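The primary structure of each chain is shown beneath.
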Amino acid sequence: MKVVVLTGAGISAESGIRTFRDSDGLWEGLSVNQVATRTGFGRNPELVNRFYNQRRRQLAEVTPNAAHFALAELEQKFGDDFLLVTQNVDDLHERAGSKRLIHIHGELLKKRCTWCEQTTPCDVDLSAEDHCAKCGREMGMRPDIVWFGEVPHGLERSYEALQRAEVFAAIGTSGLVEPASRFGAKAKVYGAHTVEINATETAKSESFDEVLRGPASETVPRWVARFAGR
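Residues numbered from 1 in each chain as written. Predicted model: local features only at pLDDT ≥ 70, side-chain atom pairs only at ≥ 80, totals over all residues. Heavy atoms only, no water.

J.: Explain the overall build of the chain to me, please; I cannot follow it from the model alone.
T.: When its secondary structure is counted, the chain shows nine helices and nine strands. Rg of the C-alpha trace for the chain: 18 Å, near the compact-globule value of 17 Å for 230 residues, within the 12% margin. Taking the principal axes of the C-alpha coordinates as reference, the chain spans close to 50 × 35 × 30 Å. Counting contacts in the chain only where the partners sit at least 6 residues apart, residues at least 24 apart contribute 62% of the total. Summed over all atoms, the accessible surface of the chain reaches about 11000 Å², with 50% contributed by carbon and sulfur. Each charge class in the chain can be summarised by its mean position, and for the 29 positive and 32 negative side chains these summaries are 2 Å apart. (Helix = DSSP H or I, 4+ residues; strand = E, 2+ residues; numbered from the N terminus. Rg over C-alpha atoms; globule rule 2.2 N^0.38 Å. Contact = heavy atoms within 4.5 Å. Areas by Shrake-Rupley, 256 points an atom, 1.4 Å probe, with all protein chains shown as cover. Lys, Arg positive; Asp, Glu negative; His and termini not counted. Charge placed at Lys NZ, Arg CZ, Asp CG, Glu CD.)

Here it is as structure tokens:
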């Protein structure tokens, strides 16, 4: 059985991770253009890095929840036939034990040089004045986050997995952010049984074969137990 799971902000929110976007469309009072575009970084790199430094520090205050652990258990059962694709930039899946995963929107615990594109681990506050360990240039170190207008990480590998998937599950994601919003439709075209697990109805709910409602920390473990035959 080949399984692909997509996770979004809903699964991390239950662990206390704050979502970026406020109800008024701003990111903690800042516009998307200020903190989530290359142009914004070019104009004010210190503001951008300060914004993500705060997100990175928050990781020390949160822990994985039951949904994260359930998905790690599912991976153990299916091994290389399992792939977890997450839109989340935190490390909660890794801390729960997941290993076969792709962070399509990047990771807070990595930094990238805008000059040479070298990506390295980062667990401390980042400054644009930091030197790149590879090319030695400064004024270009940024978080390894996929900003608007940039190509998500690991898309080719994700699409290949979707073509082979027999089961596809979308968990805690709104179904609004492309290209992940199209994953369910792609998997269904290739013959997969599709499942949506979310606390509320989404823009894509009607297109799924199966819909499960409720908090991810409660619903995902039940689904995994049933799916894994326990």
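Continuing now.
J.: I would appreciate a short explanation of the pairing of strand β1 (residues 3-7) in the present structure.
T.: Regular strands show a simple pattern: their side chains alternate between the two faces of the sheet. Across the five residues of β1, five count as buried, placing the element largely inside the fold. For β1 and strand β2 (residues 82-86), the ladder comprises five bridges, and the chain directions are parallel. Bridged to Leu-6 within β2 is Val-85. The pairing of β1 with strand β7 (residues 167-171) spans five bridges and is classified as parallel. Bridging across to β7, Val-4 finds its partner in Phe-168. (Buried < 20%, exposed > 50% of the residue type's maximum accessible area, 1.4 Å probe, protein only. Pairing = 2+ DSSP bridges.)

J.: What should I look at first to understand the sheet that holds β7 in this one?
T.: Strand pairing within a sheet occurs via backbone hydrogen bonds; the two strands may be parallel or antiparallel. Read from one edge of the open sheet, six strands run β3-β2-β1-β7-β8-β9, paired in parallel fashion. Each edge of the sheet is formed by a strand with only one pairing partner; in this case those strands are β3 (101-103) and β9 (210-213). For this sheet, the mean angle separating the axes of adjacent strands, direction not counted, is 15°. Helix α7 (residues 155-164) contacts β1, β2, β3 and β7 of the sheet and is inclined by roughly 130° relative to β2. (Axes fitted to C-alpha atoms, helices over the stretch in contact; angles between N-to-C directions.)

J.: Even after reading the chapter, I still don't get the pattern of salt bridges, so can you show me in this structure?
T.: Two side chains bearing opposite charge may form a pair once their charged atoms approach each other closely. One pass over the full model with this rule turns up 15 salt bridges. The salt bridge involving Asp-125 is made with Arg-57; its shortest N-O contact spans 2.7 Å. Residue Asp-125 is found in the loop between β5 (119-121) and β6 (141-145), and its partner Arg-57 is found in helix α4 (residues 45-58); the two are separated by 68 residues along the sequence. For Asp-125, a relative accessible area of 39% translates into the label partly exposed. Lys-110 serves as the salt-bridge partner of Glu-107, at 3.1 Å between the closest nitrogen and oxygen. With relative accessibility at 17%, the residue Glu-107 sits in the buried group. Overlapping salt bridges bring together Arg-38, Arg-112, Glu-117, Arg-142, Asp-144 and Glu-150 as one network. (Salt bridge = Lys/Arg side-chain N within 4 Å of Asp/Glu carboxyl O.)

J.: How should I be thinking about the nonpolar core in this particular structure?
T.: Soluble globular proteins tend to pack their nonpolar side chains together in the buried interior. The biggest cluster of nonpolar side chains holds 21 residues, and the ones touching the most others in it are Val-5, Leu-71, Phe-82, Ile-171, Ile-197, Val-220 and Trp-223. Going through the elements one at a time, β1, α5 (66-78), β2, β7, β8 (193-198) and α9 (216-227) are the ones with two or more residues in this core. Looking at which element gives the most residues to this core, the answer is α5, with five residues. The residues contacting Ile-197, other than those within four sequence positions of it, are Ala-170, Ile-171, Gly-172, Leu-212, Thr-219, Val-220 and Trp-223. (Core = buried A, V, L, I, M, F, W, Y, C linked by side-chain atoms within 4.5 Å.)

J.: Quick question: what am I supposed to make of unusual backbone geometry here?
T.: Only a minority of non-glycine residues have a phi that is not negative, and only a minority of peptide bonds are not trans. Cis peptide bonds are those with omega within 30 degrees of zero, and the linkage from Glu-178 to Pro-179 qualifies with 5°. Within the element layout of this structure, Pro-179 appears in the loop between β7 and α8 (183-189).

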